[in-house]
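Architecture at a glance
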Amino acid sequence: MAEQQTSPPAQTLRLSLLQRLKCFLSSIFPQADISHGAGHCVTLFSTDVMVQVAQRPQSSPTLQLSVQSRLQDVFRSARGEAERQREGRLCDVNPEQFVIDGRDAQNNTLRPFRKLETETGQSAESQRPIQPCDVFQQLSIRTVLTTGVAGIGKTFLVQKLLLDWAEQRASQDLHLIFAFTVRELGLWREESFRLAELIHTCIPETKCIKEETLNDILTTSQNSNRGDFRLLFVFDGLDQSHFQLDLKTNTSLDVTKSMRVDVLLTNLIRGKLLPSARLWITTRPAAANQIPPECIDLVTEVRGFTDPQKEEYFRKRFRDEEQASRIISHIKISRSLHIMCHIPVFCWITATVLEEVLETREGGELPKTLTEMYIHFLVVQLNKAKEKYVPEKCIQYIQSLAKLAFHELLKSSTSFMEEDLRLSGINTRAASKYSGLFREIFTQVCGQREGGDQRNMFCFAHLSLHEFLAAVHVNISLFIYNRNVMPGPRLKVHSLLTCFNKTSATNVHKMAVNKAVQSPTGHLDVFLRFLLGLSLPTNQNHLQGALTLTAGRSQNNQKTIKYIKKKIRKSPSPEKSINLFHCLNELNDRSLVEQIQQSLRSGRLSTDKLSPAQWSALVFILLSSEEDLDVFDLKKYSASEEALLKLLTSARTQAETKVYNYLTLKSCEALSSVLSSQSSSLRHLDLSNNDLQDSGVKLLTAGLKSPLCTLETLRLSGCLVTEEGCASLASALRSNPSHLRELDLSFNHPGDAGAKLLSAGLENPFWSLDTLRLDFGGEQRLKPGVKKYTCELELDTNSAHRNLELSHNNRKVTLVTEDQSYPDHPDRFDHWPQLLCRNQLTGRCYWEVKWRGRVDIAVTYGDIRRTGNSLDCVFGGNDHSWSLRCYDFDLTYSVWHNNRKISTVYSAAAASSSSSNRVAVYVDCPAGSLSFYSVSSNKLIHLHTVNTTFTDPLYPGFGFGLETLYFFEYESSVSLCRL
Ligand SMILES: Nc1ncnc2c1ncn2[C@@H]1O[C@H](COP(=O)(O)OP(=O)(O)OP(=O)(O)O)[C@@H](O)[C@H]1O
């Protein structure tokens, strides 16, 4: 066990406290040996406290063992040993959580990470994986908030830490851990407790420590800011709290004084009580905002299973290898199912369902969505029960449970008393005969206060089952009994109309959507997803079949979908929008992907403000939707590298993935790990136009050479690749030759040697490579950004209007009043002062010009009309040409095509340097994109991009006669820049 690093005063204080406690302990247990070496005082001290307090008459080693085993029981039972046994401890998969990037999971405000930064001497790395036992290693971290979606494994993680601590595998620097389930605290919500008493009541196994001793420890801890007692309080499932956490109240700071449970909780969170104790709070993301950011030092996120962990889960769950393989391959067939299994509770439900379904039926569609899977789960439980008990009674019980679930959920209550059960028509004694049916769905929690009666509390085996059954109740009431049980707002006169139509499914859905959106804790979010999922006809049929109900009305969800989209547009928070996206997915809405894109692009979901959890939620929805994403164009979703990275790390798609202009080495590393991930189904990757350089390519090739990488197309056009990059690509292909078929290295500088190396691969019968592009290569391609596409323009004197004077070795053209003595030529513009360049543009081209006055900087098809004064001749005046009109008088740039202004940009650059403005043009002919930039201090400022299809060869051109027919700005000029 590690010796603690503390300052000398802290050590002195600790020793004095130790002496005090030793005296105290000696007075109670005179026969116990409590001497120990100062160097290990903390660890020994913690054990001693437990040992000495726990056993009076026995010898030390036996006592120690007995206390440890007692503690182990505590922590095993905390999660419910029954459930563990049922699942088999073996299916536990070692979970991970991630430090997230300092943003409040709910509000996107910055979390105070300063403490962590100063202590480690470096900034807090976002996205860093962290083991539960390492979370509290930083002395300055008091409160950790762990978020994660429903069923992702937060409780499991808490239990893992507790068990590891109890079994002395980890976190031994924590002297005592008090783990509360917020739901169970609800048993005592109306009552007042002393903290020690609450600990004894909720964690009965701690009763081996006398209340006075506990009080002494708590008082010492309260009065010492040094943390000599390392206490950890865990509050698991804050989202299930019924407490009003009024975080502004300032009440008594006497830790031994009796207080209401919510006041205790509030003061612990605020640090008014036990400021040196550590706190670990877990919650679903929507309820994270119950705690103000200043009360939290670190936010972590549980992300669920990785692909190999999903497999590990099923292999551990089914000891029969053949059965496990069969189930895994079934899951892999359905993309959405496979993706959803990153949520452990879904693995659990899926395992239960598939175990049964695959035995009893042949082929057929497997459940894919969340709702489908839960319906199957219910059906499996019901079918099992119907074999043992009276079927009608089983159905009746399920319906009663569903009613109970709904009414309790509305009250935000996830646990209930016997009385609540009775009100829903469940007699616990009679129901106990049906224990087989209830065991998988329902559990009982008991609590007893010293001197009081035992209290029984009930809850569903998992909150998601509670939410599902609540939705089942609304659904049955609506479709079978034609009753709307959703409480609506108080009726106003204008709502009377709605009242007539109260039981329309759309109305019920709208009321549920409103209630869910309004809930500050998001307690109806998952319920809403189930409710909407249940309204699909296939799900309705399935449910009705299971509950042997007569068929209800079938219904069209279009109005509900429209309503949800409206809500998304008005949604106050990303979390709410994300849940509404989930809802659209449950409703199989085809426009889901577009909705997400729109919200991201419109800034309603601001890409730079989304937390990693929100990013993964979005990617999860995108990928698990049944929508086929042929091209997963990351640019459509985000505009920052960080956002991109978050998407990349989640990208698990068969679709072509395009990434433009943003990749850095960090992203290459992430991408490389995606390529070599076991489950990566990425087949086509387009990284063109990213300045990867050889170093980036090398990072990528680490993934490419992995035998797990099955990439078929890799586009690295214009990525600054030289011979060195080619060599590492060739070496990766030698290691993994059988997948990549197309490699695009155009616009790079492979040199002869690089080209030779890769071309040899084309001939190699063991390589699958059949297309290799090395065209447009050369040393000039090693310039960063678009400058690598620089082309030398040459003005075409034959096309120049007679009022255009060419100078500076034909690199400058100026509009002059005197006619120039140019010979007649059919290519010459005879009315408009314009001219073309000789260069026919191919591939990607870039140039820069300086201009002054009033000019058109254009590209045009070569067949633009040269004679007459019609718009057919004017750059931007027809559908053959596109023009950036620049005018330094009113400081604007505007883009014209087909005589329409398609964009206007006011340019500060134009304002600042009227004598020499600089503009850049970039054309990617095959991709159909034309971009204009203004250039200031060598930086490109994007003005506008046209996306189109170029049907004919393009030529650059310049013009000097703009909108007004008879007004020319003489002395306007354009000069070609040398780059
Ligand atoms: N690491 C794991 N290994 C095996 N099973 C797991 C693991 N994590 C979670 N599970 C399974 O998933 C179920 C749900 O996990 P848990 O209760 O921890 O989720 P949660 O995040 O606390 O959910 P909620 O927010 O809904 O309370 C567990 O009952 C267990 O069956």
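The name given to the protein in an unreviewed UniProt entry is B30.2/SPRY domain-containing protein, and the organism recorded there is Seriola lalandi dorsalis.

Scanning the model with the defined rule gives 18 aromatic pairs in all. Geometrically, the ring pair formed by F468 and F530 is edge-to-face, given 5.2 Å between the ring centres and 70° between the ring planes. One end of the pair, F468, is in helix α20 (residues 463–479); the other, F530, is in helix α23 (residues 525–534), with 62 residues separating them in the sequence. Residue F468 is classed as buried on the basis of its relative accessible area, which comes to 1%. Here F530 falls in the buried class, since its relative accessible area comes to 0%. Judged by centre distance (4.5 Å) and plane angle (5°), the rings of F747 and F776 are stacked. Here F747 is found in the loop between β17 (742–744) and α34 (751–763), whereas its partner F776 is found in the loop between β18 (771–773) and β19 (804–807), with 29 residues between them in sequence. Of the residues examined, F747 reaches a relative accessible area of 3% and is grouped as buried. Put simply, the rings of F178, F180, F233 and F235 pair up and form one aromatic cluster. One cation-aromatic arrangement involves R854 over Y887; the distance from NZ or CZ to the ring centre is 4.7 Å.

Overall, antiparallel pairing links the three strands, which are arranged β10-β12-β11 in an open sheet. Sheet topology places β10 (415–416) and β11 (442–448) at the edges, where each strand pairs with a single neighbour.

On to the packing of helix α15 (residues 370–388) against α20. Running from N to C, α15 and α20 point in directions that differ by 90°, and their axes come no closer than 11 Å. As summarised for this structure, α15 and α20 are arranged roughly perpendicular, according to the angle between their axes. Across the interface between the two elements, T371, Y374, I375, F377 and L378 of α15 pack against S464, L465, F468 and L469 of α20. Taken together, the residues of the contact of α15 with α20 break down into seven nonpolar, two polar and no charged.

What follows is about the nonpolar core. If you look at the biggest cluster of nonpolar residues, it comprises 113 residues, and the most contacted ones within it are W280, F314, F460, F468, L469, F527 and I564. Counting 44 residues, the second largest nonpolar core, distinct from the first, contains W188, L218, L238 and I281.

As a further point, take the sheet that holds strand β27 (residues 917–924). With antiparallel pairing, the seven strands of this open sheet are ordered in space as β19-β20-β31-β22-β27-β28-β29. Two strands bound the open sheet, and with one partner strand each, they are β19 and β29 (939–947). The sheet shows a mean angle of 25° between the axes of neighbouring strands, direction not considered. Both strand β28 (residues 929–936) and β29 contribute to a ladder of eight bridges, which runs antiparallel.

As for its position among the elements, L769 is in the loop between α34 and β18. A relative accessible area of 3% means that L769 is categorised as buried. Setting aside its immediate chain neighbours within four residues, L769 contacts L740, R741, E742, L743, L758 and L762.

Our next topic: the side chain of E408. Position of E408 relative to the elements: it lies in helix α16 (residues 391–410). Contacts of E408, omitting those with residues within four sequence positions, involve S413, S415, F416, D420 and H466.

With that settled, consider the environment of I902. Turning to its location among the elements, I902 is positioned in strand β26 (residues 900–906). The exposure class of I902 is partly exposed, given its relative accessible area of 32%. Separated by 44 residues in sequence, I902 and V946 place their C-alpha atoms 9.0 Å apart. Ignoring any residue separated from it by four or fewer positions in sequence, one finds I902 in contact with V895, W896, H897, H944 and V946.

This part is about the pairing of strand β31 (residues 973–976). Walk down a regular strand and you will see the side chains alternate between the two sheet faces. Side-chain alternation along β31 places S973 and S975 on one buried face and V974 and L976 on a second face that is also buried. Pairing of strand β20 (residues 812–815) with β31, which is carried by three bridges, proceeds in the antiparallel orientation. Paired with V813 across the strands is V974, a residue of β31. When strand β22 (residues 844–852) meets β31, the two strands line up antiparallel, connected through four bridges. The residue bridging W851 from the neighbouring strand is V974, located in β31.

Turning our eyes to something else, we now look at the pattern of salt bridges. Where charged atoms from two side chains of opposite charge come close, those side chains can pair. Applying the stated criterion across every chain, the model contains 26 salt bridges. Here R260 makes a salt bridge to D262, at a shortest N to O gap of 3.2 Å. When its relative accessible area of 8% is taken as the criterion, D262 is described as buried. Taken together, the shared-partner salt bridges connect R194, E197 and E211 into one network.

When the terminal C-alpha atoms of helix α26 (residues 574–586) are compared, their 18 Å separation across 13 residues agrees well with the 18 Å that a helix rising 1.5 Å per residue should span. The element α26 is largely enclosed, with a buried count of 13 among its 13 residues. Backbone geometry just downstream of α26 places N588 in the positive-phi region, at approximately 55°.

Rules used throughout
Residues numbered from 1 in each chain as written. Predicted model: local features only at pLDDT ≥ 70, side-chain atom pairs only at ≥ 80, totals over all residues. Heavy atoms only, no water. Phe/Tyr/Trp six-rings, centres within 6.5 Å; stacked < 30°, edge-to-face > 60°. Helix = DSSP H or I, 4+ residues; strand = E, 2+ residues; numbered from the N terminus. Buried < 20%, exposed > 50% of the residue type's maximum accessible area, 1.4 Å probe, protein only. Lys NZ or Arg CZ within 6 Å of the ring centre and 35° of its normal. Pairing = 2+ DSSP bridges. Axes fitted to C-alpha atoms, helices over the stretch in contact; angles between N-to-C directions. Parallel < 35°, antiparallel > 145°, perpendicular 65-115°, else oblique. Contact = heavy atoms within 4.5 Å. Nonpolar A, V, L, I, M, F, W, Y, C, P; charged D, E, K, R; others polar. Core = buried A, V, L, I, M, F, W, Y, C linked by side-chain atoms within 4.5 Å. Salt bridge = Lys/Arg side-chain N within 4 Å of Asp/Glu carboxyl O. Expected span 1.5 Å × (residues − 1).

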